[in-house]
Amino acid sequence: MYTLYKINSDELNENFIAAVKAQFPHQTIEISISEVSQVEQDETAYLLGNPANKARLLAAIARTESNQLIDVDIEKL
């Protein structure tokens, strides 16, 4: 199971720990902490770092915003 929590550090308390323990009883878990804004910036920078990828993504966003969606037949992929 994979669970992602987004929580302000000021809201961390014993109830949060209890909820995690209840969701994953008697299991070894891994906890990773990062600033949400930094992760979003890193992902965006990576995706837009390649000029060809950037052009393709921006074109796809423009098509979506103008409701020009593309139908794809999954059988033909």
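About the thresholds
- Residues numbered from 1 in each chain as written.
- Predicted model: local features only at pLDDT ≥ 70, side-chain atom pairs only at ≥ 80, totals over all residues.
- Heavy atoms only, no water.
- Helix = DSSP H or I, 4+ residues; strand = E, 2+ residues; numbered from the N terminus.
- Expected span 1.5 Å × (residues − 1).
- pLDDT = per-residue confidence, 0-100.
- Buried < 20%, exposed > 50% of the residue type's maximum accessible area, 1.4 Å probe, protein only.
- Polar contact = N/O pair within 3.5 Å; in protein donor to acceptor, adjacent residues only side chain to side chain.
- Phe/Tyr/Trp six-rings, centres within 6.5 Å; stacked < 30°, edge-to-face > 60°.
- Patch = residues over 30% accessible without salt bridge, like charges linked within 9 Å, V, L, I, M, F, W, Y side chains within 5 Å.
- Areas by Shrake-Rupley, 256 points an atom, 1.4 Å probe, with all protein chains shown as cover.
- Salt bridge = Lys/Arg side-chain N within 4 Å of Asp/Glu carboxyl O.

1. Side note on helix 3 (residues 51–65)
Now for step 1: Under the 1.5 Å per step criterion, the end-to-end length of helix 3 is 21 Å for 15 residues, consistent within 8% with the ideal 21 Å.
Now for step 2: Downstream of helix 3 by one or two residues, Asn67 has phi in the positive range, about 60°.

2. Remarks on the confidence of the model for the protein
Caution applies to low-pLDDT parts of the model: their predicted coordinates are not meant to be read in detail.
Now for step 1: On average, residues of the protein score 87 in pLDDT, and 96% of them are at 70 or above.
Now for step 2: Element-level mean pLDDT values for the protein span from 77 in helix 2 (residues 36–48) up to 93 in helix 1 (residues 14–23).

3. Considerations on the environment of Thr3
Now for step 1: Within the secondary structure, Thr3 sits in the segment before helix 1.
Now for step 2: Judged by its relative accessible area of 28%, Thr3 falls in the partly exposed class.
Now for step 3: On a C-alpha basis, the gap between Thr3 and Tyr46 in space is 24 Å, while along the polypeptide they are 43 residues apart.
Now for step 4: Of note is the side chain of Thr3, whose polar atom sits 3.1 Å from the side chain of Gln23.

4. Re the packing of aromatic side chains
Now for step 1: Applying the stated criterion across every chain yields a total of 1 aromatic pair.
Now for step 2: On the numbers, 5.2 Å between centres and 75° between planes, the contact of Tyr5 with Phe16 is edge-to-face. Of this pair, Tyr5 sits in the segment before helix 1 while Phe16 sits in helix 1, placing them 11 residues apart in sequence.

5. Notes on unusual backbone geometry
Now for step 1: Not every positive phi belongs to a glycine, and His26 is a case in point at roughly 55°.
Now for step 2: In this fold, His26 is placed in the loop between helix 1 and helix 2.
Now for step 3: The residue Asn67 is not glycine, and still its phi comes out positive at about 60°.
Now for step 4: Relative to the elements of secondary structure, Asn67 occurs in the segment after helix 3.
Now for step 5: Asn67 sits in the exposed class, given a relative accessible area of 61%.

6. Some words on a nonpolar patch on the surface
Now for step 1: A contiguous nonpolar surface patch, about 560 Å² in accessible area, is contributed by Tyr46, Leu47, Leu48, Leu57, Leu58 and Ile61.
Now for step 2: The set of elements that each furnish at least two residues to the nonpolar patch consists of helix 2 and helix 3.
Now for step 3: Mapped onto the elements, Tyr46 comes out in helix 2.

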